[in-house]
Amino acid sequence: MSLAMEPNPDPEHHLMIDHRMPQASEIDPRRGRFPCCIVWTPLPVLSWLVPFIGHMGICREDGVILDFAGPNFVCVDNFTFGAVARYIQISKEKCSICPQLAAYRSEEAYRQDEPSRDLSTWDDALRKGTQEFQHRSYNLFTCNCHSFVANNLNRLAFQSGGWNVVNLAVLIFLKGQWVNKASMVRSYLPFLVVFSLGVTIGGWTFITFLAFFTFLLVGWFLLGTYCFRNLILL
């Protein structure tokens, strides 16, 4: 699937969930199917410097990946930065999806904008999240792929909600399962090469730069998430 959006008289048609579609129950990395999973892959350049930073998406019940790929665009079934490297399958039993419960937009529940009857299934929640982010501007520092996934997890009330870009990154880093050994190599080898070359050529100057860069990047998201709550959107 091309990243370019094809003309469609109904702009939401290609993102609507077909409830008649048979639902896959097993993970199939060869076909890129990860039912009810959070998925992750390394980013070019950025992951070469900070290997725990990457691109993230969330999957429908049939395993199709949805990821916030750019301004006003959620990519469907074409993970933007390559094949999935790590994933976590979410248990529906740990989510609160039923007609009696209201939806979640961010860390705090909202109960007015979306009628609870519209969120009776996993795919209903992802459809609402997709529609919302189709009208969002993309920004690496304030509204990114992690924001999209956190938004959907809160909408699903996974483990009672409260998800943000920081604890989501920690979750995938600590509990994410590697697709295979090649995915692990693909994720960490560029960092090891860059780090080795940097230390060889730049010595402590490179190490200081890398530590400072990592501190600024992590610090931004920590401050934006826990100190200035309106800075990083969910």
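None of these values were measured; they are calculated from a predicted model.

1. Some points on the sheet that holds strand β4 (residues 73-76)
So, point 1. The six strands are arranged β4-β3-β2-β1-β5-β6 in an open sheet whose pairing can be described as antiparallel. This sheet does not close on itself; its edge strands, each paired only once, are β4 and β6 (177-178).
So, point 2. As paired elements, strand β2 (residues 54-59) and strand β3 (residues 65-70) share two bridges and run antiparallel to each other. Counted as the bridge partner of I58 is L66 from β3.
So, point 3. Those strands touched by helix α3 (residues 145-155) are β1 (37-42), β2, β3 and β4, and its axis lies near 30 degrees from that of β2.
So, point 4. The strands touched by helix α4 (residues 165-175) are β1, β2, β5 (86-89) and β6; relative to β5, the strand with the most contacts, the crossing angle is about 100 degrees.

2. Section: the side chain of R86
So, point 1. If you trace the backbone, R86 turns up in strand β5.
So, point 2. Although buried, R86 forms no salt bridge, and the nearest oppositely charged side chain, D67, lies 17 Å from it.
So, point 3. For R86, the side chain forms a polar contact with the main-chain oxygen of G176, separated by 2.9 Å.
So, point 4. In this structure R86 touches I38, V39, W40, I172, F173, G176, Q177, W178, V179 and Y188, once residues within four positions along its chain are discounted.

3. A few points about the packing of helix α5 (residues 181-202) against helix α6 (residues 204-226)
So, point 1. At a minimum axis separation of 6 Å, α5 and α6 run at an interaxial angle of 135 degrees. Taken as axis vectors, α5 and α6 run oblique relative to one another. Residue-level contacts link F191, V194, F195, G198, V199 and G202 of α5 to W204, T205, F206, I207 and L210 of α6.
So, point 2. Across the contact of α5 with α6, the residue classes tally to eight nonpolar, three polar and no charged.

4. Points about the packing of aromatic side chains
So, point 1. What the rule picks out here adds up to eleven aromatic pairs.
So, point 2. Arranged with centres 6.1 Å apart and planes meeting at 70 degrees, the rings of F52 and F173 form a pair that is edge-to-face. Remark: F173 occurs in helix α4 and F52 occurs in the loop between α1 (46-49) and β2; sequence separation between them is 121 residues.
So, point 3. Residue F52 is classed as partly exposed on the basis of its relative accessible area of 34%.
So, point 4. Exposure remark for F173: the relative accessible area of 39% places this residue in the partly exposed category.
So, point 5. Residues F68 and Y138 carry aromatic rings whose centres are separated by 5.2 Å and whose planes lie at 55 degrees to one another, so their mutual orientation is tilted. With F68 in strand β3 and Y138 in the loop between α2 (122-133) and α3, this residue pair connects regions lying 70 residues apart in the sequence.
So, point 6. Take Y138: its relative accessible area is 28%, and that puts it in the partly exposed class.
So, point 7. An aromatic cluster of at least three residues, connected via ring pairs, comprises F68, F133, Y138 and F148.
So, point 8. Of note, R136 hangs over the ring of F133, and the distance from its end group to the ring centre comes to 4.3 Å.

Rules of the game
Residues numbered from 1 in each chain as written. Predicted model: local features only at pLDDT ≥ 70, side-chain atom pairs only at ≥ 80, totals over all residues. Heavy atoms only, no water. Pairing = 2+ DSSP bridges. Helix = DSSP H or I, 4+ residues; strand = E, 2+ residues; numbered from the N terminus. Contact = heavy atoms within 4.5 Å. Axes fitted to C-alpha atoms, helices over the stretch in contact; angles between N-to-C directions. Buried < 20%, exposed > 50% of the residue type's maximum accessible area, 1.4 Å probe, protein only. Lys, Arg positive; Asp, Glu negative; His and termini not counted. Salt bridge = Lys/Arg side-chain N within 4 Å of Asp/Glu carboxyl O. Polar contact = N/O pair within 3.5 Å; in protein donor to acceptor, adjacent residues only side chain to side chain. Parallel < 35°, antiparallel > 145°, perpendicular 65-115°, else oblique. Nonpolar A, V, L, I, M, F, W, Y, C, P; charged D, E, K, R; others polar. Phe/Tyr/Trp six-rings, centres within 6.5 Å; stacked < 30°, edge-to-face > 60°. Lys NZ or Arg CZ within 6 Å of the ring centre and 35° of its normal.

Geometric descriptors of this kind do not, in isolation, establish any biological role.
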